[in-house]
Amino acid sequence: MRAMYLANYFVAGCIASSLLGWIASLHPMSFRAIAFLVAAAFILWGLCWLLDFSVSGWLKISVNNLQALLLAVLAMAIVGAGVLLCS
């Protein structure tokens, strides 16, 4: 995976997580729905770390690329959590 693609995924993910954090700050019910989505995404993220060899075979990418993508997802989640907590 090229660094350019990884950077594009990171920026798009930061925009999406920031938007979800902003929407969650508008109404308590949307906060609960987005909290559920974040919890489900965190569970999938953890499973991808545990099953990285099978997931990389299923996605047809190398394990290194999958781990780089998972680290980018972690950075996106940190940015999104910061927006959620600060808004």
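Every value quoted in this text rests on a predicted model; they were computed, and no experiment measured them.

Quick notes on the rules
- Residue numbers run consecutively from 1 along every chain, following the written order of its sequence.
- Only residues with pLDDT of at least 70 get local features here, since the model is predicted, and only at 80 or more are side-chain atom pairs given and counted; chain-wide, interface and lining totals rely on the full set of residues.
- To obtain the side-chain values, all non-hydrogen atoms of the structure were used and water was disregarded.
- To qualify as a helix, a DSSP run of H or I must reach at least 4 residues; to qualify as a strand, a run of E must reach at least 2; elements of each kind are numbered from the N terminus.
- A helix's residues, less one, multiplied by 1.5 Å, set its expected span.
- A 1.4 Å probe rolled over the protein chains alone gives each residue an accessible area, and that area as a share of the maximum for its type sets the label: buried under 20%, exposed over 50%, partly exposed in between.
- Think of it this way: a Phe, Tyr or Trp ring, Trp meaning its six-membered ring, pairs with another when their centres are within 6.5 Å, and the plane angle makes it stacked under 30 degrees, edge-to-face over 60, tilted otherwise.
- Orientation is described by axes fitted as lines to C-alpha atoms, over the contacting stretch for helices, and by angles from 0 to 180 degrees between their N-to-C directions.
- What makes two residues a contact is simply this: any of their non-hydrogen atoms within 4.5 Å.
- Each residue gets one of three labels, nonpolar for Ala, Val, Leu, Ile, Met, Phe, Trp, Tyr, Cys and Pro, charged for Asp, Glu, Lys and Arg, and polar for the others, Gly among them.
- In this analysis, a patch consists of residues with relative accessible area above 30% that form no salt bridge, clustered at 9 Å for like charges and at 5 Å for the nonpolar side chains Val, Leu, Ile, Met, Phe, Trp and Tyr.
- With residues, only the protein chains shown are counted as cover, and all accessible areas are computed by Shrake-Rupley using a 1.4 Å probe.
- By salt bridge we mean one thing: a side-chain nitrogen of Lys or Arg within 4 Å of a carboxyl oxygen of Asp or Glu.

Asker: When you look at helix α4 (residues 63–86) in this model, what are you seeing that I'm missing?
Answerer: Owing to its 3.6 residues per turn, the α-helix aligns residues three or four sequence positions apart on the same side. For α4, built from 24 residues, the straight-helix expectation of 34 Å at 1.5 Å per residue is met to within 8% by its first-to-last C-alpha distance of 35 Å. For α4, the full list of buried residues reads Val-63, Asn-65, Leu-66, Leu-70, Ala-72, Met-76 and Gly-80.

Asker: What is the right way to look at the environment of Ala-12 in this model?
Answerer: Here Ala-12 shows up in helix α1 (residues 3–24). Residue Ala-12 is classed as partly exposed on the basis of its relative accessible area of 45%. For Ala-12 and Met-76, which are 64 residues apart along the polypeptide, the C-alpha to C-alpha distance reads 8.9 Å.

Asker: Hey, could you run me through the packing of aromatic side chains in this one?
Answerer: Two measures describe an aromatic ring pair: the distance that separates the ring centres and the angle between the ring planes. One pass over the structure, following the stated rule, counts 2 aromatic pairs. With a centroid separation of 5.9 Å and 20° between ring planes, the pair formed by Phe-42 and Trp-45 is classed as stacked. Taken together, the positions of Phe-42 and Trp-45, both in helix α2 (residues 28–50) and 3 residues apart, correspond to about one turn of that helix. Judged by its relative accessible area of 18%, Trp-45 falls in the buried class. Ring geometry for Trp-45 against Trp-49: centres 6.0 Å apart, planes inclined by 80°, an arrangement best described as edge-to-face. Of this pair, Trp-45 and Trp-49 both sit in helix α2, 4 residues apart, which is roughly one turn of the helix. According to the relative accessible area criterion, Trp-49 is partly exposed, its value standing at 29%. These aromatic residues form a ring-pair network of at least three members: Phe-42, Trp-45 and Trp-49.

Asker: What am I meant to see in the packing of α1 against α2 here?
Answerer: Two packed helices can be described by the angle between their axes and the distance between those axes. Where α1 contacts α2, the two axes come as close as 7 Å, and the packing angle between them is 145°. Across from Leu-20, Ile-23 and Ala-24 in α1, the residues of α2 making contact are Ser-30, Phe-31 and Ile-34. Tallied by class, residues from the contact of α1 with α2 come to 5 nonpolar, 1 polar and no charged.

Asker: Could you clarify how one ought to interpret a nonpolar patch on the surface in this entry?
Answerer: Nonpolar side chains collect at one region of the surface, where Leu-19, Leu-20, Trp-22, Ile-23 and Leu-26 lie side by side and expose about 480 Å² of accessible area between them. Checked against the element boundaries, Trp-22 lands in helix α1. What makes Trp-22 partly exposed here is its relative accessible area of 48%.

Asker: Honestly, unusual backbone geometry in this entry has me stumped. Any pointers?
Answerer: Phi is mostly negative for residues that are not glycine, and the peptide bonds are mostly trans. Of note, Lys-60 is a non-glycine position whose phi angle comes to about 60°, a positive value. In this structure, Lys-60 sits in the loop between α3 (52–59) and α4.

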